[in-house]
Every structure is written in structure tokens, then in C-alpha cells.
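Observations on the model geometry
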Amino acid sequence: MLELKDVCFTIQKDGEPLNLVDHASLKIPRGHFMAIVGPSGCGKTTLLKTIAGLNPESDGSLWWNGRNLSEDGDLEPWEIGYVPQFSIAYDQLTVDESIEAATRLRVKTKNAEDLDARIDRVLEETGLAPIADRPVSVLSGGQKRRLGLAMELVSHPKLLLCDEVTSGLDPRSEREIVNLLHDISRKEGRIVLSVTHSLAHLELYDSILVLHEGRVAYHGTPEQLTHYFSVDHTELVYPQLAKQASEKWRSSWLKHSETYYAKLERNRQKLYDQGLLELPADELEIEEDEEEQATPEDETRSPGLLSQFKTLLGRRMRIFFRDRGQVFLQLAILICFPLLVVLFSPRANENMRKFTDGSGSTLQQKLEEQAGVQEDRLKVGSAVSGIIMFQVVLLSLMGSNNAAREIAGERQILEKEKFGGVSPLAYLSSKVVFLSGLILIQSLWMAGFVELFWSFEGDFAQHAIFLILVNAAMTAICLGISSLMRTAEKASLLSVYLVGFQLPLSGAVLALPEKIEPLTRPFISAYWAWSGSVDSLSGQYRSALASISETQISSVNLCFFVLLIHITLGLIASWVGTSRPQWEH
Ligand SMILES: Nc1ncnc2c1ncn2[C@@H]1O[C@H](COP(=O)(O)OP(=O)(O)O)[C@@H](O)[C@H]1O
Ligand SMILES: [Mg+2]
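**Considering the confidence of the model for the protein**
Within the protein, residue pLDDT values average 90, and 95% of them lie at 70 or more. Taken together, the stretch residues 283-298 has pLDDT below 50 and engages in 9 contacts with residues farther than four places along the chain or on a different chain.

**Points about the sheet that holds strand β1 (residues 2-13)**
The 4 strands are arranged β2-β1-β4-β5 in an open sheet whose pairing can be described as antiparallel. Two strands in the sheet have a free side with no partner beyond their single neighbour: β2 (16-28) and β5 (67-68). Taken together, the 2 bridges between strand β4 (residues 59-64) and β5 define a ladder with antiparallel strand orientation. In the sheet register, Trp64 faces β5, and the bridge partner there is Arg67. In this fold helix α1 (residues 44-52) packs onto β1, β2 and β4, with an angle of close to 65 degrees to the strand it touches most, β2.

**A look at the nonpolar core**
In terms of nonpolar packing, the biggest core is built from 139 residues, with Ile36, Leu161, Val384, Val392, Val470 and Ala529 touching the most fellow members. Among the domains, domain 1 (27-52 + 69-75 + 158-294) and domain 2 (305-345 + 399-579) are the pair contributing at least three residues each to this core. Not counting residues within four places of it along the chain, the set of residues in contact with Leu161 comprises Leu48, Ile51, Ala52, Ile80, Gly81, Tyr82, Val83 and Leu193.

**Things to note about the sheet that holds strand β7 (residues 159-163)**
Ordered by their spatial adjacency, 6 strands build an open sheet running β6-β7-β8-β3-β9-β10, and the pairing between neighbours is mixed. At either end of the open sheet lies a strand with only one pairing partner, and these are β6 (80-83) and β10 (215-220). Strand-to-strand, the axes of this sheet are offset by a mean angle of 15 degrees, without reference to chain direction. With 4 bridges joining them, strand β3 (residues 33-37) and strand β8 (residues 191-195) adopt parallel strand pairing.

**Some points on the pairing of β10**
Where burial is concerned, most of β10 is hidden: 6 out of the 6 residues are buried. Summarising the sheet, strand β9 (residues 207-212) and β10 pair through 5 bridges and their orientation is antiparallel. Bridge assignment links Leu209 to a residue of β10, and that residue is His219. The loop that links β9 with its antiparallel partner β10 comprises 2 residues; one of these, Glu213, has a positive phi angle of about 45 degrees.

**A few points about the domain arrangement of the protein**
Assigned domains of the protein: these are domain 1 (27-52 + 69-75 + 158-294) and domain 2 (305-345 + 399-579). Just the C-alpha atoms count here: the centres of domain 1 and domain 2 sit 51 Å apart.

**Things to note about the packing of helix α3 (residues 95-106) against helix α4 (residues 112-125)**
Where α3 contacts α4, the axes come no closer than 10 Å and their chain directions differ by 125 degrees. One way to sum up the angle between α3 and α4 is to call them oblique. Relative to α4, α3 is oriented so that their crossing is right-handed. Residue-level contacts link Asp96, Ile99, Glu100 and Thr103 of α3 to Leu115, Arg118, Ile119, Val122 and Leu123 of α4. Of the residues belonging to the contact of α3 with α4, the class tally is 5 nonpolar, 1 polar and 3 charged.

**Let's talk about helix α6 (residues 171-186)**
Given a rise of 1.5 Å per residue, 16 residues ought to cover 22 Å, and the 23 Å separating the end C-alpha atoms of α6 matches this to within 8%. Every buried residue of α6 is accounted for by Glu174, Ile177, Val178, Leu181, Ile184 and Ser185. On an axial view of α6, the arc spanned by its buried residues comes to 120 degrees, and they lie on one face. For α6, the exposed residues lying more than 90 degrees away from the buried face are Arg172 and Asn179. Of the surrounding elements, those touching the buried residues of α6 are β3, α5 (141-153), β7 and β8.

**Observations regarding the pairing of β4**
In the sheet, β1 pairs with β4 via 5 bridges, with the strands oriented antiparallel. Its bridge partner lying in β4, Leu4 is registered against Leu62. With antiparallel pairing between neighbouring strands as the criterion, β4 and β5 make up a hairpin whose turn holds 2 residues, including Asn65 at a positive phi of roughly 45 degrees.

**Describing the environment of Glu203**
With respect to the element layout, Glu203 can be found in the loop between β8 and β9. With 12 C-beta atoms counted inside 10 Å, the residue Glu203 sits in the exposed group. Along the primary structure Glu203 and Thr520 are separated by 317 residues, whereas in three dimensions their C-alpha atoms are 67 Å apart.

**Thoughts on the environment of Val392**
Mapped onto the elements, Val392 comes out in helix α15 (residues 363-403). The buried category is assigned to Val392, around which 31 C-beta atoms lie within 10 Å. Contacts of Val392, omitting those with residues within four sequence positions, involve Leu467, Val470, Ala526, Ala529, Trp530 and Ser533.

**Examining helix α12 (residues 305-322)**
Taking 1.5 Å as the rise per residue, α12 with 18 residues should run 26 Å; its terminal C-alpha atoms sit 26 Å apart, in good agreement. Among the residues of α12, Gln308, Phe309, Thr311, Leu312 and Arg315 are the ones counted as buried. For α12, the arc enclosing every buried residue in end-on projection is 165 degrees, short of the 170-degree limit, so these residues lie on one face. More than 90 degrees from the buried face of α12, the exposed residues found are Leu306 and Phe321. Buried-residue contacts for α12 involve α3 and α17 (424-452).

**Describing unusual backbone geometry**
Here the phi dihedral of Asp6 falls at roughly 50 degrees; this positive angle occurs in a residue that is not glycine. Along the polypeptide, Asp6 turns up in strand β1. You will see that Asn65, though not glycine, has its phi angle at about 45 degrees, which is positive. Take Asn65: it is sitting in the loop between β4 and β5.

**Comments concerning the packing of α15 against helix α18 (residues 460-484)**
Axis separation between α15 and α18 bottoms out at 7 Å; the angle between their running directions is 30 degrees. Along this stretch, α15 crosses α18, giving a crossing that reads as right-handed. Contacts between α15 and α18 involve Gln391, Val392, Leu395, Ser396, Met398, Gly399, Ser400, Asn402 and Ala403 from the first element and Leu467, Val470, Asn471, Met474, Thr475, Cys478, Leu479 and Ser482 from the second.

Quick notes on the rules
- As a convention, each chain's residues are numbered from 1 in the sequence order in which they are written.
- The naming scheme follows written order: chains are lettered A onward, ligands numbered 1 onward.
- Where totals are concerned, whole chains, interfaces and linings use all residues; where local detail is concerned, this predicted model gives features only for residues with pLDDT of at least 70, and gives and counts side-chain atom pairs only at 80 or more.
- Each residue carries a pLDDT value, the predictor's own confidence for that position, ranging from 0 to 100.
- Working definition of a contact: two residues with C-beta atoms, positioned from the backbone, lying within 7 Å.
- Here, strands pair whenever DSSP counts at least two bridges between them.
- Each helix is a run of H or I in the DSSP string that is no shorter than four residues. Each strand is a run of E no shorter than two, and both are numbered from the N terminus.
- Helix axes are fitted to C-alpha atoms over the stretch in contact, other axes to C-alpha atoms as well, and angles between N-to-C directions run from 0 to 180 degrees.
- We define the nonpolar core as any set of buried residues of the types Ala, Val, Leu, Ile, Met, Phe, Trp, Tyr and Cys, connected via C-beta atoms lying within 7 Å of each other.
- Here a residue counts as buried when 20 or more other C-beta atoms fall within 10 Å of its C-beta, as exposed when 12 or fewer do, and as partly exposed in between; the C-beta atoms come from the backbone.
- The source of the domain bounds is an automatic or database domain assignment.
- Oblique is the label for every angle not falling under 35 degrees (roughly parallel), over 145 degrees (roughly antiparallel), or within 65 to 115 degrees (roughly perpendicular).
- Less than a right angle of anticlockwise turn of the near helix away from the far helix marks a crossing as left-handed, whereas a clockwise turn marks it as right-handed.
- Polar here means any residue other than Ala, Val, Leu, Ile, Met, Phe, Trp, Tyr, Cys and Pro, which are nonpolar, and Asp, Glu, Lys and Arg, which are charged; Gly is therefore polar.
- The span expected for a helix works out to 1.5 Å for each residue beyond the first.
- Throughout, the arc means the angular range of directions from the helix axis out to the C-beta atoms.

So, in C-alpha cells, the structure goes:
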């Protein structure tokens with residue numbers, strides 16, 4: 001039994017409190033199928049989220065089988081299924097893979113057979129078995145809704161909340177989905193609450209809740225709905241609602257609710273008597289456990305962190321390789337960027353004139369020689385410095401491209417999965433490992449490929465490490481941005497600006513005004529990577545550099561340390577952004 005006692009969800013609007021859900025009181029027995037209807041914006045989604053625990057109630061209390069959810073803790077993630085308005089499946093995966101990932105993330109399965117049995121069962125239940133191998137991208141609207149349901153059913157939730165799962169469907173698919181929800185509510189004593197704007201197929205529900213401006217205007221059987229609102233057709237309920245203030249509707253409902261609840265109870269008794277409801281509540285618990293052959297404790301535990309991490313990483317890699325466009329883009333960047341750098345290598349390879357011992361030459365000759373040497377050094381030195389800066393900037397660009405959309409692009413799925421029990425730590429770790437792979441490939445390839453065309457003199461390992469570090473720093477910072485921004489577009493834009501400012505502010509191309517430099521420098525990853533990498537040069541390159549650089553080169557240790565701080569800050573931001581809730585409403 002789910003019970004709401006005077007539940008409110010209040011927000012502050014223009015300094016005034018506003019009840020989006022206003023003193024809602026309801027009783028919903030097990031094995032019940034309820035529709036939540038009402039005009040657009042009346043608070044249906046808000047009520048559903050309040051029941052789910054996503055909108056903490058501001059007043060009143062929610063009860064589940066005699067347990068006060070606000071005091072004794074919310075339902076476990078596996079006990080609730082929440083099918084939101086948006087699709088929670090990835091286009092690149094198949095139906096089967098989507099359900100498998102959902103199962104692995106939400107329930108601790110005993111072994112491979114247990115996993116397969118669960119997947120097969122929901123595939124059958126939702127009628128998706130014949131199209132299990134199809135990619136999500138080609139599914140019809142109705143099939144996608146089925147998939148959304150299937151992904152929730154894997155944990156055998158006791159409470160299933162659906163938000164507009166029939167909107168935008170053709171009438172036939174709509175009826176099929178409502179029928180499916182009806183069947184689901186008949187099994188295992190499950191409560192199914194379905195938000196819908198549509199007033200079609202109401203006869204399939206056990207009860208209808210009519211909301212008006214966040215207030216309950218009616219909650220009773222579908223048959224009595226038209227009678228209560230004194231209209232001929234259910235379609236006329238909304239116009240009728242608009243005729244009276246919601247406050248009035250509520251008070252008239254409070255007067256009549258008893259009689260309507262009595263009718264609901266009689267209907268329910270009839271269903272039991274006809275054997276249409278699976279089992280009464282208490283007997284059901286025992287039956288369920290026997291069927292699962294598991295102790296309730298086994299069922300309750302969500303999969304461990306490591307197991308979730310593996311599933312998420314596996315899924316991320318699969319999505320990456322399935323997405324041809326993404327693979328192509330990554331390959332193009334990987335190949336073209338180092339080629340761009342190589343274009344500049346001939347200048348760095350030019351022979352530099354050296355000082356002779358100077359004996360027997362006139363002062364004039366000595367001065368000329370000195371000027372010549374200086375000229376060569378300048379040429380080569382700026383080419384070498386430029387090549388390194390170019391590598392650093394291109395790797396920064398790759399870093400921002402790696403991470404900018406990574407979290408922001410799937411934010412709603414992430415929120416949904418966190419609600420389903422996925423640990424933010426497992427999620428973030430899977431991103432970090434996946435991105436680390438990209439970073440290593442990109443940076444080492446950049447360092448190695450350019451090396452082939454350039455007789456690099458110096459500590460190559462040091463040079464490569466700083467290239468890895470700058471890519472990692474930008475990736476981490478942009479991942480942080482991605483986790484904090486509301487949309488992928490904003491995250492991309494901000495990341496691109498961030499890279500764009502690296503080059504001019506690095507001071508490696510143009511020296512900055514003395515007063516500004518100390519202020520900006522600490523934030524410019526490109527400077528520290530350039531400085532650390534340039535420091536690895538030796539021999540003639542080193543002397544060439546000494547003659548060109550107006551920009552001061554910092555000690556390697558400091559460069560290393562600052563870049564590590566950048567990476568750490570990026571990761572901290574990513575952690576904050578990932579773990580804080582960010583639902584769209
Ligand atoms: N957390 C929130 N903060 C501010 N406004 C909100 C919040 N949640 C919902 N709203 C607003 O409350 C109203 C009801 O929203 P909603 O429950 O989504 O309506 P619907 O019945 O169409 O599902 C809308 O005007 C929406 O913008
Ligand atoms: Mg809604």
C-alpha cells in the first residue's frame with residue numbers, strides 16, 4: 001500500500017512559496033493501476049517525482065506498507081521503477097544489450113544463467129523478444145516505450161512510475177502500451193502509476209487521479225469519472241475543470257471522497273474474487289521469494305561498485321566503436337594533427353652555423369660570424385619552440401574534444417541511472433579510464449610521429465610526459481565543465497573558449513604585459529606543458545632556445561606539479577558535477 005498524507009511540494013517563486021503539489025492525500029493498494037491525468041502543467045510529473053523521492057516533499061508524509069518514507073528512508077533503488085518522459089536507451093546499442101546493461105547496473109545477479117533468465121523474462125513480458133537484436137535507433141515510438149519499461153522491470157520493482165509513456169504514439173500503440181501496463185500491474189502485486197495527458201483508454205485503469213493546479217480534483221473509478229464531473233464524455237473533463245478554481249474542486253472532492261473510495265474497494269474485492277489479481281499482499285511476499293529462490297537480502301543488494309564500473313566501461317567502449325562518425329572523427333584528428341606539426345619540422349632541422357675558434361680572423365669577421373650564428377639560432381630556436389607549442393595546443397584541443405560532451409550529452413540518462421542505484425563513483429571512474437585510453441593514444445602518437453620527422457635532441461620521455469599531461473589536464477577540466485553544465489552545447493562552447501585562450505595567454509608566442517602574466521599564467525595548462533617540454537631539450541636546441549625565448553622557462557618540477565593540480569581540480573569538478581542531481585524539469 002502506498003499512501004500520501006497531505007503531501008506538498010513547494011518552490012519559491014518571486015519570493016513567495018508556491019505549492020506545485022498541494023496537500024495531496026491518496027491511498028493506493030497493491031496490484032493497482034492508476035492513471036494520473038490533468039491539463040498540461042498541472043503538476044503530474046512533479047507529483048510523480050515527489051512519490052519517487054526525487055522531489056523531497058515539503059510537507060506531509062509518504063508511506064509504503066506502514067513505513068514512513070521520509071523518516072525511515074526512501075524505497076531502495078531496485079524497489080522503484082521510474083520510466084521518464086525521455087528515452088533512456090542509447091541508439092547505438094541493441095534492445096538486448098540495453099536490457100543487459102540495465103540488469104547488470106541495477107541487480108546483483110548470481111551467475112550468467114540468472115542474468116539471461118532475467119533478460120529473457122522481461123523481453124517476453126514486454127513483447128520485445130522478436131526484435132531483441134535490433135538497434136535502438138531503428139525502433140518505433142511504441143517499441144522504445146516498451147524498451148523503457150523493460151529496462152525498469154529487470155529489478156522486479158514493487159512500484160512502477162511512468163511519465164507520459166503513451167504520448168506521441170498512434171492510437172493502436174497507445175492502447176497496446178496501456179494494456180501492457182495493465183498486465184504488469186496484475187503481477188506480483190505491483191503498483192503502477194501512469195501519468196498521461198490523454199483521456200483515452202481510461203477504462204483499463206483501476207482508478208483515475210485528476211489533478212488541477214497541483215490539487216487532487218478526483219480519485220476514483222473510471223466509470224464514475226463523468227458522473228462526478230457531470231459531463232457526458234471524458235473529453236469534457238478538462239473544460240469542466242477550468243470552470244472552477246482548483247481550491248473549490250479540492251474541497252468538493254474532500255466531501256465526496258469516502259463514497260468513491262468505497263466503490264474502489266468493492267471493485268478491488270471483485271478482482272480478487274474473480275482471481276484476476278495475482279495474490280493478496282501477505283501471501284504474495286512468500287510466493288515471490290520462493291519463485292526467485294533467493295533470500296530477500298540477495299535481491300536487495302545493488303551490484304558492487306566494481307561490477308557497475310565494468311558494465312559502464314564496457315558499454316562506453318561499445319558505444320564508441322559503434323558510432324562510426326565518432327571513430328572517424330577521432331582517427332582523422334589523430335592522423336591530421338601531427339601532420340600539421342610536421343609541416344614545421346624542416347625549419348627546426350636546418351643546420352646551424354657554429355662558432356669557429358676565431359683564430360686568424362679580423363674583428364669584422366668575428367662580428368659577422370657572431371651575427372650569423374645568432375641568426376641561425378633564432379630561426380631554429382623559434383621553430384623548435386613553435387613545434388612544441390603547436391603540439392601542446394593541438395593536444396589541448398583534442399582534450400577538449402574528448403571530454404566536452406562526455407557527461408553533458410547524456411545527463412538525463414545519468415540522472416536516471418543514479419536514481420536506479422548506479423554509483424556516481426563507478427560512473428566517473430568508467431569515464432576516467434575510457435578517456436585515459438584516448439589521452440595515451442593521442443599524446444604518444446603525437447610525440448612519436450613528430451619525432452620521426454625531427455631529429456629531436458633531448459629527453460624524449462620528459463617531452464612525451466608533458467604532452468600526456470597537457471592532454472590529461474584539458475580532458476579533466478573539460479570533463480568537469482561537462483559535468484557542471486546544463487547542456488552539451490554550453491559545455492562544448494565553454495571548452496572551446498578555454499582552449500582558444502590557451503595559446504595567446506601562454507606567453508610562448510607573444511610575451512604578455514608584465515603585470516598580467518603572473519595573474520593568468522597559473523591557469524594556462526599550455527604554458528606549463530610547453531615549459532616542461534622545452535626543458536627536456538638539450539644540445540644545440542637548448543642553446544638555440546636560450547637565444548629566442550623572452551618567456552621565462554619554469555623548473556620541470558613546478559611544471560609537473562602545476563599540471564597535476566590542473567588534473568586534480570578537473571577531477572574534483574567532475575566529481576562534484578556528477579554527484580549533484582541535475583534533472584530537467
Ligand atoms: N523544481 C521545480 N522548480 C520550479 N518549477 C517547477 C519545478 N518542477 C516543476 N515546475 C513547474 O511546475 C509546473 C508543473 O510542471 P509538471 O509537473 O511538469 O507539469 P505536467 O503536469 O505537465 O507534468 C510547470 O509550470 C513547471 O515548469
Ligand atoms: Mg509532465
